[in-house]
Amino acid sequence: MTQTIQHWCDGKLFAGDSSATAPVTNPATGAVTGEVALASVADARTVIDSAADTFAEWRDTSLAKRTAVLFRFRELLNERKGELAEIITAEHGKVLSDALGEISRGQEVVEFACGIPHLLKGGYTENASTNIDVHSVSQPLGPVGIISPFNFPAMVPMWFFPVAIAAGNTVVLKPSEKDPTAAIWLAELWKEAGLPDGVFNVLQGDKVAVDELLTNPKIKAISFVGSTPIAQYVYSTGTAAGKRVQALGGAKNHAIILPDADLDLAADAMVNAGFGSAGERCMAISVAVAVGDIADDLVAKITERATTIKTGDGTKDSDMGPLVTKVHRDKVASYVDAGEKAGATVVLDGRTVQANGGADGFWLGPTLFDNVTPDMSIYTDEIFGPVLSVVRVESYDEALELINSNQYGNGTAIFTNDGGAARRFQNEVEVGMVGINVPIPVPMAYYSFGGWKASLFGDSHAHGTEGIHFFTRTKAITTRWLETAAVITRPARSAPGGEGLNLGFPQNA
Ligand code: NAD
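What comes next is a walk through the structure. Note that the coordinates shown come from a computational prediction; the quantities given were computed from them, not determined experimentally.

Turning our eyes to something else, we now look at a positive patch on the surface. Taken together, the side chains of Lys 220, Arg 244, Arg 473 and Lys 475 present a region of like positive charge at the surface. Here Arg 473 lies in strand β23 (residues 472-480). When its relative accessible area of 48% is taken as the criterion, Arg 473 is described as partly exposed.

Okay, structure coming up:
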């Protein structure tokens, strides 16, 4: 009998009334390891109420106390991230080192949020007018919803919830139903860190849960990450219901390799960025644009490296794990079929991989296409698998035009030793995150993460100062005190009825 993965509400597991569930599988074996609860509207409302009922108390908890909880959460996460990595590998399939990597990137946002008092400081103007002062404060929004995708079950929620919680909001996280256990582990860790019950909640489910988050008036803002069609839906539905929404969507990331590039560096980068995490990364490079006569050499170098990749169970000695579900594996394989049929050259064929894992695992090895043209579906569509396409062009301008005419604008990279070319590229390319000789340019936590065009709907990117702005709103307060205020008398601190003497530093007040 498999376990049911429940919601987390008001500081404890919550079964809910709905009997609907979805299977959770181990992608390396194909075995069903659990059933995740799919919330009914009533279940969703119970979880949202928990966040709403706790908001005033958490908002009014001092910054000193809030950040102390953040620090404890960071310490516990750092000590015990191995446990979380095992959960991620068991439900997502990525190799353990990669799972640890995503946790570390999430942890950086927790560390960023530990310093939030500095970032919440307002401004103060004395004597803006005679005897009138003006100051501003940043206040939390209320209960906020976070809806996350399957590919980063720890990191993507951590792009948002450390900042949201540090700023004084309460949270309902709706993780992907494909790998829902990491969210519960994080909820238990928050409790251990001393976060009051009800500040961080987990709502398991599908569209029913998402729709309730998007329309329930108690939820004030939504941070969504997932595919572009759902991001568009979330943005339009959430904003129509009066919420602040940031909805991060899909991607088709190109890397340009100029003729003067270090081809070994570029080939290493293409292999890491194309096949790492089985290509199930929103910042994966799926198109290598070879400029000029370097294409044959580049393809040879990528092939040489990619053939050494060990595909297998992420808990074993593997470089690349399986795809997340059988349905997704078959969809990616169908793109490989389509690319071959359309006339692209299959240099490496992942369909024939011998994986070091279960016979029923969702395997597809690294696949490399050469001579891909922009009319082919392997070029136009986000495949989200270990499929790298090489497109050959004659010039930098042709390469740039490919990127700028693409519907997506999440990440991109250029490989060159020419500073002038790199500088021109960073200026001209219409993409939110740019790498120069760096393949997956995920910004540090104190910068903001987000794409352009169909890769992000809304005005704010994740974490960094844009994340702080997203999870707060400002008030400007204008004050007049009369010059001759009444004299206030009160008992001396040491007198009867006084506050009492305390000569020490105040502690965590
Ligand atoms: P998805 O869009 O299928 O699911 C994302 C979330 O939306 C999940 O929580 C899911 O339960 C929910 N959802 C799914 N269908 C829904 C519907 N019809 N109505 C309401 N909610 C629904 O995405 P995924 O397959 O889990 O993740 C992969 C996608 O996420 C890729 O497109 C990838 O590029 C994108 N992604 C983007 C970024 C980024 O930073 N831009 C980061 C990670 C992933």
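With the rule as written, the count across this model stands at 10 aromatic pairs. Ring plane angle 15° and centroid distance 3.8 Å describe the contact between Phe 73 and Trp 190, whose orientation is recorded as stacked. Linking Phe 73 in helix α2 (residues 63-92) with Trp 190 in helix α6 (residues 181-193), this pair joins segments that are 117 residues apart in sequence. The buried category is assigned to Phe 73, whose relative accessible area is 0%. Between Trp 190 and Phe 200 the ring centres are 6.3 Å apart and the planes differ by 45°, which places this aromatic pair in the tilted class. Of this pair, Trp 190 sits in helix α6 while Phe 200 sits in strand β10 (residues 200-202), placing them 10 residues apart in sequence. The class for Phe 200 is buried, based on a relative accessible area of 3%.

A few words now on the packing of α2 against α6. Between α2 and α6, the shortest axis-to-axis distance is 9 Å and the interhelical angle comes to 155°. It follows from the interaxial angle that α2 and α6 lie roughly antiparallel. With respect to the hand of their crossing, α2 and α6 are arranged in right-handed fashion. Contact residues: Val 69, Leu 70, Arg 72, Phe 73, Leu 76, Leu 77, Arg 80, Glu 83, Leu 84, Ile 87, Ile 88 and Glu 91 in α2; Thr 181, Ala 182, Trp 185, Leu 186, Leu 189, Trp 190, Glu 192 and Ala 193 in α6.

What follows deals with the pattern of salt bridges. All told, the structure shown has 28 salt bridges when counted by the stated rule. Here Asp 268 makes a salt bridge to Arg 305, at a shortest N to O gap of 2.5 Å. Here Asp 268 is found in helix α9 (residues 263-275), whereas its partner Arg 305 is found in helix α10 (residues 295-306), with 37 residues between them in sequence. Look at Asp 268 and you get partly exposed, because its relative accessible area is 37%. Overall, the relative accessible area of 18% leaves Arg 305 in the buried class.

Attention shifts here to the packing of α2 against helix α3 (residues 96-114). Put simply, α2 and α3 touch, their axes get as near as 8 Å, and they point 170° apart. The pairing of α2 with α3 is recorded here as roughly antiparallel in orientation.

Across the sheet, 3 strands lie side by side as β1-β5-β4; this open sheet has mixed pairing. Of all strands in the sheet, those bounded by a partner on one side alone are β1 (3-5) and β4 (21-25). Taking each pair of neighbouring strands and ignoring which way they run, the sheet shows an average axis angle of 40°. When β4 meets strand β5 (residues 32-37), the two strands line up antiparallel, connected through 5 bridges. Bridging across to β5, Thr 25 finds its partner in Val 32.

The rules behind each value
Residues numbered from 1 in each chain as written. Predicted model: local features only at pLDDT ≥ 70, side-chain atom pairs only at ≥ 80, totals over all residues. Heavy atoms only, no water. Patch = residues over 30% accessible without salt bridge, like charges linked within 9 Å, V, L, I, M, F, W, Y side chains within 5 Å. Areas by Shrake-Rupley, 256 points an atom, 1.4 Å probe, with all protein chains shown as cover. Salt bridge = Lys/Arg side-chain N within 4 Å of Asp/Glu carboxyl O. Lys, Arg positive; Asp, Glu negative; His and termini not counted. Charge placed at Lys NZ, Arg CZ, Asp CG, Glu CD. Helix = DSSP H or I, 4+ residues; strand = E, 2+ residues; numbered from the N terminus. Buried < 20%, exposed > 50% of the residue type's maximum accessible area, 1.4 Å probe, protein only. Phe/Tyr/Trp six-rings, centres within 6.5 Å; stacked < 30°, edge-to-face > 60°. Axes fitted to C-alpha atoms, helices over the stretch in contact; angles between N-to-C directions. Parallel < 35°, antiparallel > 145°, perpendicular 65-115°, else oblique. Left-handed = near helix turned anticlockwise from the far one by under 90°. Contact = heavy atoms within 4.5 Å. Pairing = 2+ DSSP bridges.

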